[in-house]
Amino acid sequence: MGRHNFSSQHQRTHVRRHRNAGGATAKSPNAAKPSPTMTDYLSLHSRLAQVGQEHLLKFWPELTNDERIDLVRDIEELNLDEIKLYFDRATVSMNENGIKLDDRLQPLPEGKLISIARAPLEKLDAYRDEGLLQISNGHVAVLLMAGGQGTRLGFDHPKGMYDVGLQSRKTLFRIQAERILKLEELAQEANGKRGHITWYIMTSEHTVQPTYDYFVANNFFGLKAENVLLFEQGSLPCFEYDGRIILDEKHRVARAPDGNGGIYRAMKRQGILDDMQKRGVLYLHAHSVDNILIKVADPVFIGYCVQEKADCAAKVVEKAAPNEAVGVVAIVDGKYQVVEYSEISAKTAEMRNSDGRLTFSAGNICNHFFSSNFLQKIGSTFEQELKLHVAKKKIPFVDNAGKRLTPDKPNGIKIEKFVFDVFEFAQKFVAMEVPRDEEFSALKNSDAAGKDCPSTARSDLHRLHKKYIEGAGGIVHGEVCEISPFVTYAGENLASHVEGKSFTSPVYLRDSRDPLHGHL
């Protein structure tokens, strides 16, 4: 049954992907479709004319039957009633770009932020116990934002399939899957009950198929297939500056992914919110795929949020410097939000408290907690009120002669939603400041960039794992050090393996479930 669940979920996304993937792949599904009639054309033209988009049909006489079917489908997938509203809201948002928020800004109050580095150990242990109990009871799920491809890494596959060059050759997907398995075991040891952490993976039109194939080929990394669900991020049309939707080809509408804030609409439309309800999931940990140090479903974070009765929370890291180009979690006009680096002046960014720490220091790392109740409210109400973020881009288009051109300067806008823009709707929002060296190392660039790249991800993981061994009474000579998630989730239970022992780099502590790579 479980495999069937995964497969049936996949069948829906699989069909949708091929439907959107472009003219060539769309031919086979179209074979049995009836040709659009003149009546279909007139009805569509009339609906488009009402919202000023009738130009989408200007090449109709030149299109083949298959191309007409594709175009009709693309237009049907646009919510025409929303289109004008989206563009108008996006224009307002664009005009607000560049406005500084300094006068409306306050830092997170003390009572809303706990710092792992400064909190008493017994408090953190109590949160961890709470988190493990919720996991044992099957109340915790993970939402992985994995829509991106590794293009900037020179890797034409989903970013989760990337191997950063660890001794184990484990990819980001595998590392995260094994952390989930380990956490289920730790919860079972603590509470005598095995609960499952459901893994919801948001893919995109381009990554859904390879992601699915990769999970199947690797037997879901030991997880139960019915507890891994893929769903697809939505897309929004690209607009010219006057509000007209751009044609990518004569028979295709130009579209772009709707940003990581698209998860809320996608979760509702693709049955994820219903699935959470059916499974009795009460809490969700959401994060992006590209942080190699991610503590997936971190029981300390979950426990803290549960005990605080939070409906929404964020993990943050202390900003490294005032000018670090990272958004900060703060309060604007009395509401929680992430303020982009460009939205505050250097003077505000440099403000410090009496203890010398930056006043606005809560750096956002795309690592969030949501209660299921809050997600249901977003799905039914707040999603429609989410801010729209606009970027002026060079968008390929079809000229009046039907020729596809790529402009050399921005010619239109792409609209995105951001995952953190729901903070303002939370009744109870809290944040947890975590040590950067233990919890955050992003993988965004190729090694040529020298930061947020495979070599920094690798060395950050090596450094943390060396710290784990030394914390448990072992000694490591050298820098290359990896511990399998099957051995430890976050440094716990290592003493029996390492206490009083000396290790020489390259060190690889593995479990019997790990393939035979590296050194013990």
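Everything numeric here is computed off the predicted structure, so don't read it as measured data.

### Considerations on the domain arrangement of the protein
Parsing the protein into structural domains produces domain 1 (38-77) and domain 2 (94-452). Each of domain 1 and domain 2 has a C-alpha centre, and these two points are 36 Å apart. Counting residues at the interface gives 14 residues for domain 1, matched by 15 residues for domain 2. Three residues, Leu56, Phe59 and Asp74, lead the burial of domain 1 against domain 2; their summed loss comes to 41% of the area buried on that side. Across the contact surface, domain 1 and domain 2 share four salt bridges. The closest approach of N and O atoms between glutamate 77 and arginine 255, which form a salt bridge, is 3.2 Å. In this assembly, domain 1 and domain 2 are joined by eight residue pairs in polar contact (both at pLDDT 80 or more).

### Considerations on the packing of aromatic side chains
By the definition in use, this model includes 19 aromatic pairs. Between the aromatic rings of tyrosine 214 and phenylalanine 221, the centroid separation amounts to 5.6 Å while the plane-to-plane angle is 55°, which identifies the pairing as tilted. Across the pair, phenylalanine 221 and tyrosine 214 agree in class, each one buried. Ring geometry for phenylalanine 215 and phenylalanine 221: centres 5.2 Å apart, planes at 80°, overall edge-to-face. Of the residues examined, phenylalanine 215 reaches a relative accessible area of 0% and is grouped as buried. Taking relative accessible area as the criterion, phenylalanine 221 reaches 5% and is therefore assigned buried.

### Some words on the pattern of salt bridges
Within the structure shown, the criterion is met by 38 salt bridges. Note that arginine 244 and glutamate 240 form a salt bridge whose closest N and O atoms lie 3.8 Å from each other. Taking relative accessible area as the criterion, arginine 244 reaches 32% and is therefore assigned partly exposed. Judged by relative accessible area, glutamate 240 falls into the partly exposed class, the value being 27%. A single salt-bridge network, built from bridges that share partners, covers Asp74, Glu77, Arg252 and Arg255.

### Description of the state of the cysteines
A covalent bond between the sulfur atoms of two cysteines is referred to as a disulfide. Under the criterion given, the structure shown has zero disulfides. With no disulfide of its own, cysteine 305 lies 8.7 Å from the sulfur of cysteine 312, the closest cysteine sulfur. With a relative accessible area of 0%, cysteine 305 lands in the buried category. For the unlinked cysteine cysteine 481, the closest cysteine sulfur is that of cysteine 453, found at 20 Å. Overall, cysteine 481 belongs to the buried group, its relative accessible area being 0%.

### Concerning the side chain of threonine 211
Counting through the fold element by element, threonine 211 comes out in helix α8 (residues 208-217). Using a relative accessible area of 0% as the deciding quantity, one classes threonine 211 as buried. Within the structure, the side chain of threonine 211 is placed 2.6 Å from the backbone oxygen of threonine 207, a separation counted as a polar contact.

### Let's talk about the pairing of strand β19 (residues 412-416)
Here strand β7 (residues 239-240) runs beside β19; their pairing, made up of two bridges, is antiparallel. Across the sheet, residue glutamate 240 finds its bridge partner in β19, namely glycine 412. When strand β16 (residues 389-393) meets β19, the two strands line up antiparallel, connected through five bridges. Within β19, the residue paired with valine 390 across the bridge is isoleucine 415.

### Focus: the sheet that holds β16
Pairing is antiparallel across the open sheet formed by three strands, whose spatial order is β7-β19-β16. Edge positions in the sheet fall to β7 and β16, since each has one partner strand and no second.

### Re empty space enclosed by the protein
Enumeration according to the criterion identifies two cavities of 30 Å³ or more in this entry. For the largest cavity, the calculated volume is near 130 Å³. In terms of residue count, the dominant contributor to the lining of the largest cavity is helix α15 (residues 454-471) (three residues). For the lining of the largest cavity, the per-class residue count stands at seven nonpolar, three polar and three charged. For the lining of the second largest cavity, the secondary-structure elements that each account for two or more residues are α7 (172-191), α15 and β22 (481-483). Per-class residue counts for the lining of the second largest cavity are five nonpolar, one polar and three charged.

### Observations regarding the layout of surface pockets
Within this model, the second largest pocket holds a volume of roughly 500 Å³. Considering the residues around the second largest pocket, the lining is formed by 16 residues, among which Asp125, Arg128, Lys295, Val300 and Ala490 are closest to the centre. Elements supplying a minimum of two residues to the lining of the second largest pocket: α6 (121-136), α11 (299-307) and α14 (436-439). Looking at the lining of the second largest pocket element by element, the count peaks at four residues for α6. Of the residues in the lining of the second largest pocket, the class split is nine nonpolar, no polar and seven charged.

### Regarding the environment of threonine 348
Within the element layout of this structure, threonine 348 appears in helix α12 (residues 346-349). The exposure class of threonine 348 is buried, given its relative accessible area of 9%. For the pair formed by threonine 348 and leucine 172, sequence separation is 176 residues and the distance between their alpha carbons is 37 Å. In this structure threonine 348 touches Asp102, Leu105 and Phe360, once residues within four positions along its chain are discounted.

### Examining α11
Burial analysis of α11 places eight of its nine residues in the buried class, which makes it a mostly covered element. For α11, every residue scored as buried is listed here: Pro299, Val300, Phe301, Ile302, Gly303, Tyr304, Cys305 and Val306. Capping the start of α11, aspartate 298 holds a side-chain oxygen 3.1 Å from the backbone nitrogen of valine 300, two or three residues further along.

### Here we look at the nonpolar core
Counting residues in each nonpolar core, the largest one holds 78 residues, and the members touching the most others are Phe173, Trp199, Phe215, Ile292 and Ile469. With residues up to four places along the chain from it excluded, the contact list for isoleucine 292 reads Val164, Leu166, Leu172, Ile175, Arg179, Ser441, Ala457 and Leu461. Grouped together as the second largest cluster of nonpolar side chains are 42 residues, Ile272, Val281, Leu284 and Ala431 included.

The rules behind each value
Residues numbered from 1 in each chain as written. Predicted model: local features only at pLDDT ≥ 70, side-chain atom pairs only at ≥ 80, totals over all residues. Heavy atoms only, no water. Domains from an automatic or database assignment. Contact = heavy atoms within 4.5 Å. Buried area = accessible area lost by both parts, 1.4 Å probe. Salt bridge = Lys/Arg side-chain N within 4 Å of Asp/Glu carboxyl O. Polar contact = N/O pair within 3.5 Å; in protein donor to acceptor, adjacent residues only side chain to side chain. Phe/Tyr/Trp six-rings, centres within 6.5 Å; stacked < 30°, edge-to-face > 60°. Buried < 20%, exposed > 50% of the residue type's maximum accessible area, 1.4 Å probe, protein only. Disulfide = S-S within 2.5 Å. Helix = DSSP H or I, 4+ residues; strand = E, 2+ residues; numbered from the N terminus. Pairing = 2+ DSSP bridges. 1 Å grid on protein atoms, 1.4 Å probe; cavity = no way out; pocket = protein on both sides within 12 Å on 5 of 7 lines; lining within 4 Å. Points joined across faces, edges and corners; volume = space filled by probe spheres on them. Nonpolar A, V, L, I, M, F, W, Y, C, P; charged D, E, K, R; others polar. Core = buried A, V, L, I, M, F, W, Y, C linked by side-chain atoms within 4.5 Å.

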